[in-house]
Amino acid sequence: GPCLKTESTEISAEMCSAVQALVGHFGVQVTLVQLTDLNYAPEIAQQMLVKQQAGAHVEAKSLIARGSAEIVQETLQHLEAQGLQLSEEQRG
């Protein structure tokens with residue numbers, strides 16, 4: 001279906017035509033229809049929030065995993081700089 005983000009001009013034109021069809025016989029001429037506020041149904045807004053929170057949760061876990069891997073790598077480098085050599089088995 002149409003998307004308000006990318007097709008707002010076309011949607012406004014269609015709405016203008018639809019309203020004109022309803023009120024034209026009263027002598028009213030509709031020249032512009034503009035949306036000034038857009039609200040989602042509560043169940044849609046809730047689902048959008050859940051999706052956003054899930055994405056943030058996944059991103060946070062990814063950041064923690066990358067940080068942990070960097071800490072391990074830096075620790076291994078530090079140990080090797082101190083002269084401690086670890087076997088492949090010890091490195092995991």
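Residues numbered from 1 in each chain as written. Predicted model: local features only at pLDDT ≥ 70, side-chain atom pairs only at ≥ 80, totals over all residues. Heavy atoms only, no water.

**Q** Would you mind going over helix 2 (residues 42-81) in detail, with residue names and values included?
**A** Taking 1.5 Å as the rise per residue, helix 2 with 40 residues should run 58 Å; its terminal C-alpha atoms sit 58 Å apart, in good agreement. Just past helix 2, the residue Gly 83 takes up positive phi, approximately 95°. (Helix = DSSP H or I, 4+ residues; strand = E, 2+ residues; numbered from the N terminus. Expected span 1.5 Å × (residues − 1).)

**Q** Let's hear about the environment of Gln 34: which residues, and what values?
**A** With respect to the helices and strands, Gln 34 occurs in the loop between helix 1 (8-23) and helix 2. Sequence spacing of Gln 34 and Ser 87 is 53 residues, and the spatial spacing of their C-alpha atoms is 69 Å.

**Q** Any details on the pattern of salt bridges? Residues and values, ideally.
**A** For the coordinates displayed, the defined rule picks out 1 salt bridge. Across the salt bridge formed by Glu 59 and Arg 66, the nearest N and O atoms sit 3.7 Å from each other. (Salt bridge = Lys/Arg side-chain N within 4 Å of Asp/Glu carboxyl O.)

**Q** So what about the environment of Cys 16? Which residues, and what values?
**A** Within the secondary structure, Cys 16 is located in helix 1. The exposure class of Cys 16 is buried, given its relative accessible area of 12%. For the pair formed by Cys 16 and Leu 32, sequence separation is 16 residues and the distance between their alpha carbons is 6.0 Å. Other than its neighbours up to four places away in sequence, Cys 16 contacts Val 30, Thr 31, Leu 32 and Val 33. (Buried < 20%, exposed > 50% of the residue type's maximum accessible area, 1.4 Å probe, protein only. Contact = heavy atoms within 4.5 Å.)

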